[in-house]
Amino acid sequence: MIKEYRNFFKDIYGEAAFTKSRKREVVLIRKLIIVFLVKEKGFKECQVAKIMHLDHSAIFHHMKPVRDLEFDRFYIPRSRSLLEKFNQAFPDNET
(Lines give C-alpha, C1' and ligand atoms only; values in the text may rest on other atoms or scores of the structure.)
Protein backbone atom coordinates (compact mmCIF):
# COMPACT_ATOMS: atom_id res chain seq x y z
CA MET A 1 0.00 0.00 0.00
CA ILE A 2 2.93 2.33 0.66
CA LYS A 3 3.92 2.07 -2.98
CA GLU A 4 0.41 3.09 -4.09
CA TYR A 5 0.49 6.18 -1.85
CA ARG A 6 3.92 7.11 -3.15
CA ASN A 7 2.81 6.70 -6.78
CA PHE A 8 -0.31 8.78 -6.08
CA PHE A 9 1.78 11.72 -4.86
CA LYS A 10 4.32 11.26 -7.67
CA ASP A 11 1.53 11.53 -10.24
CA ILE A 12 0.32 14.80 -8.72
CA TYR A 13 3.57 16.52 -7.67
CA GLY A 14 6.21 14.71 -9.68
CA GLU A 15 9.42 12.99 -8.70
CA ALA A 16 10.92 16.21 -7.32
CA ALA A 17 8.85 15.96 -4.13
CA PHE A 18 10.75 12.80 -3.19
CA THR A 19 14.26 14.11 -3.78
CA LYS A 20 16.54 15.67 -1.21
CA SER A 21 16.39 19.04 -2.97
CA ARG A 22 16.29 22.10 -0.75
CA LYS A 23 14.60 24.41 -3.23
CA ARG A 24 11.82 26.34 -1.55
CA GLU A 25 9.05 25.07 -3.84
CA VAL A 26 10.14 21.44 -3.41
CA VAL A 27 10.34 21.82 0.36
CA LEU A 28 6.84 23.33 0.43
CA ILE A 29 5.46 20.40 -1.57
CA ARG A 30 7.24 17.89 0.67
CA LYS A 31 5.93 19.61 3.79
CA LEU A 32 2.43 19.72 2.27
CA ILE A 33 2.45 15.96 1.74
CA ILE A 34 3.81 15.23 5.22
CA VAL A 35 1.45 17.56 7.07
CA PHE A 36 -1.50 16.34 5.00
CA LEU A 37 -0.81 12.68 5.76
CA VAL A 38 -0.22 13.21 9.48
CA LYS A 39 -2.84 15.83 10.32
CA GLU A 40 -5.59 15.29 7.77
CA LYS A 41 -5.45 11.53 7.25
CA GLY A 42 -4.11 10.42 10.64
CA PHE A 43 -1.06 8.48 9.44
CA LYS A 44 1.70 7.76 11.94
CA GLU A 45 5.09 9.38 11.42
CA CYS A 46 6.73 6.01 10.75
CA GLN A 47 4.27 5.32 7.92
CA VAL A 48 4.90 8.75 6.39
CA ALA A 49 8.66 8.19 6.66
CA LYS A 50 8.31 4.98 4.64
CA ILE A 51 6.14 6.65 2.01
CA MET A 52 8.52 9.60 1.64
CA HIS A 53 11.73 7.54 2.04
CA LEU A 54 12.91 9.87 4.79
CA ASP A 55 14.20 9.39 8.32
CA HIS A 56 11.78 9.79 11.20
CA SER A 57 13.69 12.86 12.33
CA ALA A 58 12.97 14.58 9.01
CA ILE A 59 9.25 13.96 9.48
CA PHE A 60 9.33 15.51 12.94
CA HIS A 61 11.34 18.43 11.55
CA HIS A 62 8.63 19.13 8.96
CA MET A 63 5.93 18.85 11.62
CA LYS A 64 7.44 21.52 13.88
CA PRO A 65 5.03 24.39 14.42
CA VAL A 66 6.68 27.29 12.63
CA ARG A 67 4.92 30.49 11.68
CA ASP A 68 5.38 30.39 7.95
CA LEU A 69 2.82 32.56 6.21
CA GLU A 70 3.98 31.40 2.80
CA PHE A 71 3.30 27.77 3.75
CA ASP A 72 -0.10 28.69 5.17
CA ARG A 73 -1.08 30.36 1.89
CA PHE A 74 0.33 27.36 0.03
CA TYR A 75 -1.22 24.65 2.23
CA ILE A 76 -4.83 25.69 2.79
CA PRO A 77 -6.12 25.75 -0.82
CA ARG A 78 -4.05 22.75 -1.90
CA SER A 79 -5.01 20.59 1.06
CA ARG A 80 -8.70 20.75 0.18
CA SER A 81 -8.18 19.64 -3.41
CA LEU A 82 -5.64 17.04 -2.29
CA LEU A 83 -8.14 15.65 0.21
CA GLU A 84 -10.76 15.22 -2.53
CA LYS A 85 -8.28 13.51 -4.87
CA PHE A 86 -6.97 11.29 -2.08
CA ASN A 87 -10.47 10.18 -1.06
CA GLN A 88 -11.30 9.37 -4.68
CA ALA A 89 -8.12 7.36 -5.16
CA PHE A 90 -8.33 5.58 -1.78
CA PRO A 91 -12.01 5.44 -0.75
CA ASP A 92 -11.36 2.75 1.88
CA ASN A 93 -9.04 5.09 3.79
CA GLU A 94 -11.52 7.92 4.50
CA THR A 95 -11.48 9.35 8.00
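Everything below is about the structure printed above this text.
Residues numbered from 1 in each chain as written. Predicted model: local features only at pLDDT ≥ 70, side-chain atom pairs only at ≥ 80, totals over all residues. Heavy atoms only, no water.

1. Side note on the side chain of Lys-31
Alright, step 1. With respect to the helices, strands and loops of the structure, Lys-31 is situated in helix H2 (residues 24–40).
Alright, step 2. Owing to a relative accessible area of 13%, Lys-31 belongs among the buried residues under this scheme. (Helix = DSSP H or I, 4+ residues; strand = E, 2+ residues; numbered from the N terminus. Buried < 20%, exposed > 50% of the residue type's maximum accessible area, 1.4 Å probe, protein only.)

2. A look at unusual backbone geometry
Alright, step 1. Phi angles above zero are rare outside glycine, and His-53 is one such case at about 55°.
Alright, step 2. Within the secondary structure layout, His-53 lies in the loop between helix H3 (45–52) and helix H4 (56–63).
Alright, step 3. Residue class for His-53 comes out exposed when judged on its relative accessible area of 55%.

3. Comments concerning the environment of Asp-55
Alright, step 1. Here Asp-55 lies in the loop between H3 and H4.
Alright, step 2. Expressed as a C-alpha distance, the spacing of Asp-55 and Val-66, which sit 11 residues apart in the sequence, is 20 Å.

4. Regarding the packing of aromatic side chains
How two aromatic rings sit relative to each other is given by the distance of their centres and the angle of their planes.
Alright, step 1. For the structure on display, the rule yields 11 aromatic pairs.
Alright, step 2. In this structure an aromatic cluster arises from ring pairing among Tyr-5, Phe-8, Phe-9, Phe-36, Phe-43, Phe-86 and Phe-90.
Alright, step 3. One cation-aromatic arrangement involves Lys-31 over Phe-71; the distance from NZ or CZ to the ring centre is 4.7 Å. (Phe/Tyr/Trp six-rings, centres within 6.5 Å; stacked < 30°, edge-to-face > 60°. Lys NZ or Arg CZ within 6 Å of the ring centre and 35° of its normal.)

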